[in-house]
Amino acid sequence: MNTVSYAMELPGANVANPALSSRPSVGKLSIRDASIIYDPEGVHVVAVENCSLEIPAGEFCVIVGPPECGKTTLLNAIAGFRDLTFGEIYLDDQLLCSADKTTPPGADRIVVFRDGALFPWDTVLDNVIYGPVVQGKMKKKEAREAGEELLSRMGLVGISRSYPGEISCGMRRRAEIARAMMNDPKVLLLDEPFRAMDALTRTVIQKYLLDVYDASNKTVFFITHDLEEAIFLGTKVVVYTARPGKVKKLIQVDIPRPRDFRVLSSERYQDLKEEVIEAVRDEARKAIEADERKRA
Amino acid sequence: MQTKTIDVKAMAEEEISSVSQAVLRSGAKHALTTSTPYLAAVGLLSTLAGWYLLCEFFKVPYFNELPGPVAVAREWFSRNPKFGLSIYTPEYYQHICRSTWRVIQAFLWATALGVPLGLFMGWEKTFKDYTFPVLELLRRIPMLAWVPLAVLMFPGREGSVIYVTFLGAFFATTLNTLLGVQSIDEVYLRAARCLGSSSRQVFFRIILPGALPFIFTGLQISMGYSWFCLIAGEMIAGEYGLGYLIWTSYITVAAPVLVIAMVTLGFLGWVSTAAIRLIGRCLMQWQVREMAQ
Amino acid sequence: MSAPGRRTTRGLAIKIQESVFSKETYRGSATVIVLLILWETAAQLGLPVIKNIPPLTSVLDAFREVIFDSSYWGSWGASFHRIFTGFIVAQIIGIPLGLLMGTSRFFREMTLPVFEVLRPIPPLAWVPAAAIFWPTREMSIIFVTFLGAFFVLILNIVSGARAIDSRYIRAATSMGSRRKDIFWRIVLPATLPSIIVGMTVGIGLAWNTVVAAEMIASRSGLGFMTWRSYVTFTYPLIVVGMISIGIAGYISSGIIRLLGHHITPWLRTN
C-alpha cells in the first residue's frame with residue numbers, strides 16, 4: 001500500500017489560509033479531579049483516581065498505560081457511557097459530567113470503537129450518513145449526496161454501496177472515521193482503534209488519521225498501548241498508572257507536523273520513546289505484580 | 001507532499017451479481033466433478049433399494065407388512081388408484097391444502113405475536129422481568145399436552161388444531177427473537193447513541209436488523225414445530241388434512257396411502273423451511289454478500 | 001476486602017439471597033399470581049373460550065385427590081419408561097453414528113442426504129407405520145420417541161463435529177497424536193457441547209412425541225390419562241395431566257442439564 005497523503009478538505013480546514021485552520025475554537029476538554037469507582041457501596045473497585053488533565057482545543061492527546069488501568073473507563077465517562085463518582089469534566093468550559101450529572105452520549109463527542117462498530121446491516125454510505133439523518137439534520141437524499149462527497153474527499157472511493165462485511169479491515173476503519181467526521185464532532189474519542197489490525201494496515205491507517213487530523217484540527221482523545229503509535233500520532237502523551245489510574249507523567253511531543261514515517265528514525269523520536277518506555281514499564285510491572293498477588 | 005486520490009477497486013452492482021452467478025455456475029460444474037453428488041445419489045438409491053428388497057422382494061418378516069416403493073408408486077401415480085388417492089385425485093390436493101392452510105394460519109399468528117413480543121422483551125428489561133417467567137412456565141408443558149384442553153376451549157376441530165400448532169411455533173419464535181436481541185453486540189448500541197439516535201431509532205435501525213438472523217433461524221425452527229404439532233392435532237382431532245389421512249389409512253389398512261401422505265408431508269415441510277430461508281436471504285443481503293467474500 | 005469475600009460461603013449465601021429476593025423474582029411472581037387470579041375469576045364468570053377451562057380451584061381439588069391414586073403414579077412410570085428407553089436408544093445409536101458422519105466426509109456425503117429427506121417427516125406421522133411394523137404397541141411408541149430424539153441429535157453432532165477448528169487438530173498432530181488420540185482427545189470433547197444441545201432439544205421433542213403417541217395409540221401413560229379425562233368428562237384432570245407432564249418434562253431436562261454441566265467442566269468458567 002502506498003503511504004501518500006490525502007489532501008482532504010474537511011470541516012474545520014481552511015484551504016485558502018492554512019494558518020487559520022490551526023486555531024480551532026471548540027473542543028477544549030478539562031478533566032478535574034475525576035474519580036470513577038465501580039460499585040462504591042459493594043466491591044469498591046477504584047478504576048480512576050483523582051485524574052486531572054487539560055486538553056486544549058485541537059490537541060491530539062494520547063493516553064498510554066498498562067492494561068486495565070482505567071483509560072477506557074475515562075473515555076467512557078467523557079463519552080457519556082459511565083458516571084463519574086467524584087470530580088468534573090468540562091467541554092468548552094461547560095460542565096459535561098460530574099457526580100450528579102452525566103450528559104448522555106452525543107455527536108459532539110463521537111467514539112471510534114476498538115473492534116469497529118460499523119453497522120453490518122447497512123451499506124457504508126448508510127452508515128456514514130446515519131448520524132445526520134437520525135438527528136434530523138438532513139433529509140435522506142441530501143445526506144446521501146453529502147456522504148458520497150465526504151467519502152470521496154476522504155479518499156474512500158467506490159465502497160459506498162458495499163456492506164462492511166465485504167470490504168477490508170483497513171477500509172472499514174477508515175469508513176468509521178468518515179462516519180464520525182460526518183457529524184463534525186467537537187472531540188474525537190478513539191479507544192485503541194487499530195489494535196486488531198495487522199502491522200502493515202496499521203501504518204497506513206495511522207498516517208490516514210494524521211491526515212484527517214491535519215485537515216480538520218479536531219480535538220482527539222486517543223487510547224493505545226502501542227508506545228510508538230502514541231508518540232507518532234500525539235501532540236501530548238499522557239502516561240497512566242496501573243489501577244487505580246491516575247496521571248503519572250505528561251510528555252510533550254514537539255515533533256513538527258505534518259509527520260510521516262521519516263519521523264520514526266529521528267533522534268528526537270528515539271529520545272521520547274525511551275522516556276515513555278521508562279515510565280510505562282514501571283507501571284506495567286506493578287500491574288502484573290498486583291495481578292499475581294490477587295491470584296495467590 | 002504528493003496528492004493522489006486512491007480509488008479502491010470496487011465492482012459495480014451489475015458486476016457483483018454476474019460474478020456471483022459465474023461462481024455459482026462454475027461451482028455447480030465443479031461440484032459435478034467432485035464426489036459429493038455421486039455419493040449422495042449412492043446413499044439415497046441404496047436406501048430406496050434396501051426398502052424395496054426388505055419389504056417387497058425378500059419379504060422379510062415384520063417388514064413385509066409395510067408397503068414397498070413399488071406399491072406406493074403404483075398407487076401414487078395411477079389414474080385409478082385402488083385406495084382412492086393419487087396425484088390424479090382431487091382429494092389428495094384437498095388434504096394438502098387443508099393442512100397447509102392450517103399451518104400458514106398458525107405460523108402467521110405465531111410470527112405476528114411472537115416477533116414483536118420477543119423484540120420488546122429484549123428491549124425493555126422491566127417488561128421481560130414481568131413476562132419471561134410466565135413464558136418459561138407455560139413452555140414447560142409440551143405443546144401436544146394442550147390438545148385435550150384446546151378441544152375443550154375451541155369448540156369445533158379447526159380452532160383447536162390451529163391453536164396447538166400456533167403454540168409450538170409461538171414459543172420457538174419468541175425465544176429465538178429474544179435471544180437475537182440479546183446477542184446484539186453492545187458496541188453497536190453505543191455507536192448509535194453516540195451518533196445521536198433516539199430510543200425509537202435505536203429500536204428500528206439497530207435492534208431490528210441486528211436480531212434478524214436469529215429471528216429467521218427461529219422462524220425455520222418454528223415452521224418445523226408447526227408441522228409437527230399440526231400432524232398430531234390432525235391425527236387426534238381433525239377432519240381432512242394429511243394427519244387425518246395418515247390415521248384413517250392406518251385404520252382402513254390402506255398402507256400405500258400412508259406412505260404417500262408421509263412423503264408428501266416431508267416434502268411440504270422441506271419446501272416451507274426452504275421458503276423461509278429464501279426470504280431471510282433476501283432480507284439479509286449483507287450476510288449473503290459477506291459470505292461471498 | 002470485599003472482593004475475596006465473595007468467595008466465602010457467606011458471600012455465596014448473600015448472592016443466593018439476593019437473586020431469590022430480587023426485583024426480577026417479585027415481578028415474575030406478580031405476573032404469575034395475577035394470571036392465576038384472572039384464570040379463576042374468568043372461569044367463574046363464564047368468559048368465552050376461558051369458560052370451558054376448568055377453574056383453578058377444581059384443578060387443585062383434583063390434584064389433591066389424584067396424588068393418592070396409585071394409577072396416577074403408574075402413568076408417570078409408563079411415560080418415563082417410554083421416554084428413557086426411546087431417548088437412551090437414540091443416544092446409543094445416534095452419538096457414534098453422528099460422530100462417524102461428522103468426521104468421515106465419505107460417510108457423511110452418503111448418509112446425510114437420506115437424513116435430510118427423512119427428517120421433515122414429523123415423528124408422529126410414523127406412528128401408524130411403526131404400529132404395523134413393531135409387534136407391540138409399546139415398541140412402536142418407543143420407536144417414534146426414538147425417531148424424534150435421533151434426528152435432532154444427529155444434526156447437532158454433525159454440525160458440531162464439522163465446526164471443530166482445524167487448528168486444534170493440527171496442534172494435536174504436531175505433538176505426535178495418532179488417529180485414535182485425535183478422536184478421543186480432540187474430536188469427542190469438542191463435540192460434547194453439541195451433543196448436549198442435541199440431547200436437550202431431543203428430550204423436549206421426545207416428551208411431545210410420547211404425549212401425542214399416548215393420546216393416539218396407547219392405554220397408559222400421562223398423555224393417555226390427559227386424553228381420557230377429556231373423553232370421560234372429568235375436565236379438571238386434563239389440567240392436572242398437563243401440569244404433571246410439564247413437571248415430568250422439567251425433571252427430565254434438569255437431569256440432562258446436570259449431566260451436561262458435569263461432562264463439560266471447561267464451559268463452567270463463565
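Owing to the predicted nature of the structure, the values given are computational and were not obtained by experimental measurement.

Peer 1: Got a sec to walk through the overall build of chain C? Specific residues and values, please.
Peer 2: When helices and strands are counted, chain C shows 12 helices and zero strands. Relative to the globule expectation of 18 Å for 270 residues, the C-alpha radius of gyration of chain C, 24 Å, shows a markedly less compact shape. Dimensions of chain C, computed from the C-alpha atoms along their principal axes, are close to 75 × 70 × 35 Å. Here chain C holds 270 residues, and 36% of them are scored as buried. Long-range contacts, defined as pairs at least 24 residues apart, comprise 71% of the intrachain contacts of chain C with a sequence gap of at least 6.

Peer 1: Account for the overall build of chain A, naming residues and giving values.
Peer 2: Helices and strands together make up the secondary structure of chain A, namely nine helices and 10 strands. Residues counted as buried form 47% of the 296 residues belonging to chain A. Of all intrachain contacts in chain A linking residues separated by at least 6 positions in sequence, the fraction that spans at least 24 positions is 73%.

Peer 1: Provide a residue-level description of the sheet that holds strand β6 (residues 109-112) of chain A, including the pertinent values.
Peer 2: Residues and elements named next belong to chain A. Within the open sheet, the six strands sit side by side as β6-β7-β8-β3-β9-β10. Their pairing is mixed. Single-partner strands in this sheet number two, and they are β6 and β10 (247-252). Taken pair by pair, the neighbouring strands of this sheet meet at an average axis angle of 20 degrees, ignoring direction. Judged from the five bridges that link them, strand β9 (residues 236-240) and β10 form a sheet pairing that is antiparallel. Note on β10: the bridge partner recorded for valine 238 is leucine 250.

Peer 1: Go over the domain arrangement of chain C, please, and point to the residues and values.
Peer 2: With domains assigned, chain C is organised as domain 1 (2-53) and domain 2 (62-269). Once you take the C-alpha centre of each, domain 1 of chain C and domain 2 of chain C turn out to be 30 Å apart.

Peer 1: Just give me the short version of the packing of helix α10 (residues 242-251) of chain B against helix α11 (residues 255-283) of chain B, but keep the residues and values in it.
Peer 2: Residue and element names in this part refer to chain B. It is at 8 Å that the axes of α10 and α11 come closest, and there the two elements cross at 160 degrees. In this view, α10 runs roughly antiparallel relative to α11, as classed from their interaxial angle. For α10 against α11, the interelement crossing comes out left-handed. For the pair α10 and α11, contact is made by Leu242, Leu245, Ile246, Ser249 and Tyr250 and by Val257, Leu258, Ala261, Met262, Thr264 and Leu265, respectively. Within the contact of α10 with α11, the residues separate by chemical class into nine nonpolar, two polar and no charged.

Peer 1: Got a sec to walk through unusual backbone geometry? Specific residues and values, please.
Peer 2: All names here are of chain A. Along the chain, arginine 257 connects to proline 258 via a cis peptide bond; the corresponding omega equals 0 degrees. Turning to its location among the elements, proline 258 is positioned in the loop between β10 and α9 (267-295). Even without glycine at this site, aspartate 33 takes up a positive phi of about 55 degrees. The residue aspartate 33 is located in strand β1 (residues 29-38) in this model. Residue aspartate 33 is classed as partly exposed on the basis of its 13 C-beta neighbours within 10 Å.

Peer 1: Could you give an account of the packing of helix α9 (residues 166-174) of chain C against helix α10 (residues 179-217) of chain C, with specific residues and numbers?
Peer 2: Each pair of packed helices can be described by the angle between their axes along with the distance between the axes. All names here are of chain C. Relative orientation of the contacting elements α9 and α10 amounts to 155 degrees, with a least axis distance of 11 Å. What the angle tells us is that α9 and α10 run roughly antiparallel. The two elements α9 and α10 cross, and the hand of that crossing is right-handed. Between α9, through Tyr168, Ile169 and Ala172, and α10, the contact on the second element is made entirely by Asp181, Ile182, Arg185, Ile186 and Ala190. Considered class by class, the residues forming the contact of α9 with α10 number six nonpolar, no polar and two charged.

Peer 1: An account of the pairing of strand β4 (residues 86-91) of chain A is requested, with residue identities and associated values reported.
Peer 2: All names here are of chain A. Sheet topology places β1 next to β4; five bridges connect them, and they run antiparallel. Note that in β4 the partner of serine 30 across the bridge is tyrosine 90. When β4 meets strand β5 (residues 94-98), the two strands line up antiparallel, connected through four bridges. Its bridge partner being in β5, tyrosine 90 is matched across the sheet by leucine 95.

Peer 1: Let's hear about the environment of Pro123(C): which residues, and what values?
Peer 2: Residue and element names in this part refer to chain C. With respect to the secondary-structure elements, proline 123 resides in the loop between α6 (105-118) and α7 (127-133). Under the C-beta neighbour-count criterion, proline 123 is labelled buried, with 27 such atoms within 10 Å. In the structure, proline 123 is positioned 27 residues away from phenylalanine 150 in sequence and 10 Å away in space, judged by C-alpha atoms.

Peer 1: Please provide a residue-by-residue account of the domain arrangement of chain A, values included.
Peer 2: All names here are of chain A. Each assigned domain of chain A is listed with its residue range as follows: domain 1 (26-108 + 185-265) and domain 2 (118-184). Centre-to-centre, using C-alpha coordinates, domain 1 lies 24 Å away from domain 2. Here the side of domain 1 that touches domain 2 gets seven residues from one element, more than from any other, and that element is helix α7 (residues 199-216). Residue composition of the side of domain 1 that touches domain 2, grouped by class: 11 nonpolar, two polar and no charged.

Peer 1: I'd love a proper account of the sheet that holds β1(A), names of residues and values included.
Peer 2: Sheets are built from strands that pair by backbone hydrogen bonding, the pairs being arranged parallel or antiparallel. All names here are of chain A. Ordered in space as β2-β1-β4-β5, the four strands form an open sheet in which the pairing is antiparallel. Only two strands of the sheet have a single neighbouring strand rather than two, namely β2 (45-55) and β5. Neighbour to neighbour, the strand axes of the sheet diverge by 25 degrees on average, direction disregarded.

Peer 1: Would you mind going over the interface of chain C and chain B in detail, with residue names and values included?
Peer 2: With 49 residues of chain C in contact, the opposing surface of chain B contributes 48 residues. When contributions to the side of chain C that touches chain B are tallied by element, the ones reaching two or more residues are α3 (23-45), α6, α7, α10, α11 (222-231) and α12 (236-263) of chain C. The class makeup of the residues in the side of chain C that touches chain B is 34 nonpolar, 11 polar and four charged.

Peer 1: Give a description of the pairing of β2(A) that names residues and reports values.
Peer 2: All names here are of chain A. Taken together, the seven bridges between β1 and β2 define a ladder with antiparallel strand orientation. Bridging from a neighbouring strand, isoleucine 31 pairs with leucine 53 of β2. Here β1 folds back onto β2 in antiparallel fashion, the turn holding six residues, of which aspartate 39 has a positive phi close to 50 degrees.

Peer 1: Tell me about the environment of Ile67(C), residues and numbers included.
Peer 2: Residue and element names in this part refer to chain C. Note that isoleucine 67 resides in the loop between α4 (56-66) and α5 (70-103). Judged by local crowding, isoleucine 67 falls into the exposed class, with 10 C-beta atoms found within 10 Å. Separated by 36 residues in the primary sequence, isoleucine 67 and threonine 103 place their C-alpha atoms 49 Å from one another.

Reading the values: the criteria
Residues numbered from 1 in each chain as written. Chains lettered and ligands numbered in written order. Predicted model: local features only at pLDDT ≥ 70, side-chain atom pairs only at ≥ 80, totals over all residues. Helix = DSSP H or I, 4+ residues; strand = E, 2+ residues; numbered from the N terminus. Rg over C-alpha atoms; globule rule 2.2 N^0.38 Å. Buried ≥ 20, exposed ≤ 12 C-beta atoms within 10 Å, placed from the backbone. Contact = placed C-beta atoms within 7 Å. Pairing = 2+ DSSP bridges. Axes fitted to C-alpha atoms, helices over the stretch in contact; angles between N-to-C directions. Domains from an automatic or database assignment. Parallel < 35°, antiparallel > 145°, perpendicular 65-115°, else oblique. Left-handed = near helix turned anticlockwise from the far one by under 90°. Nonpolar A, V, L, I, M, F, W, Y, C, P; charged D, E, K, R; others polar.

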